[in-house]
Amino acid sequence: MLAVLQCDGEAYTVPIRRTLEDKAGRRISRGAVHTTLERLEGKRLLTSRLGEPLAVRGGRARRYYDVTPRGVEALRAARVALARLSSGLESLLDPRR
């Protein structure tokens, strides 16, 4: 969902995957991205819409994704949980250590 937000309205599979790979520093399969997007949409954390058909894609449209308000709330909750879990571990987690 964070990658979808970072794509700023242009969140379809290619830029989502590129964002994930850039931020994670590793390769991610297209299938893994599709599966995850479908599951998040099924949980109503994302919505999708079809764009206009593109000649470059043989007349097929791209599917664009947006994070729902419920998805934003889930991200906020996860961020709070991560902060709570890591509280007190700053000295162990400091990258300069």
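For the structure given in this document, a descriptive report is provided here. A quick note: this is a predicted structure, and the numbers were derived from the prediction, not measured. (Residues numbered from 1 in each chain as written. Predicted model: local features only at pLDDT ≥ 70, side-chain atom pairs only at ≥ 80, totals over all residues. Heavy atoms only, no water.)

Observations regarding the pattern of salt bridges
- Summed over the entire model, instances satisfying the criterion amount to four salt bridges.
- For Glu 21, the salt bridge is made with Arg 27, and the minimal N-O distance between the two is 3.6 Å.
- With a relative accessible area of 64%, Arg 27 lands in the exposed category.
- Within the structure, one salt-bridge network assembled from shared partners comprises Arg 17, Glu 21 and Arg 27. (Salt bridge = Lys/Arg side-chain N within 4 Å of Asp/Glu carboxyl O. Buried < 20%, exposed > 50% of the residue type's maximum accessible area, 1.4 Å probe, protein only.)

Considerations on the side chain of Thr 68
- Mapped onto the secondary structure, Thr 68 falls in the loop between strand E2 (60-67) and helix H4 (69-86).
- Sequence-distant contacts of Thr 68, that is, excluding residues within four places in its chain, are made with Arg 44, Leu 45, Leu 46 and Thr 47. (Helix = DSSP H or I, 4+ residues; strand = E, 2+ residues; numbered from the N terminus. Contact = heavy atoms within 4.5 Å.)

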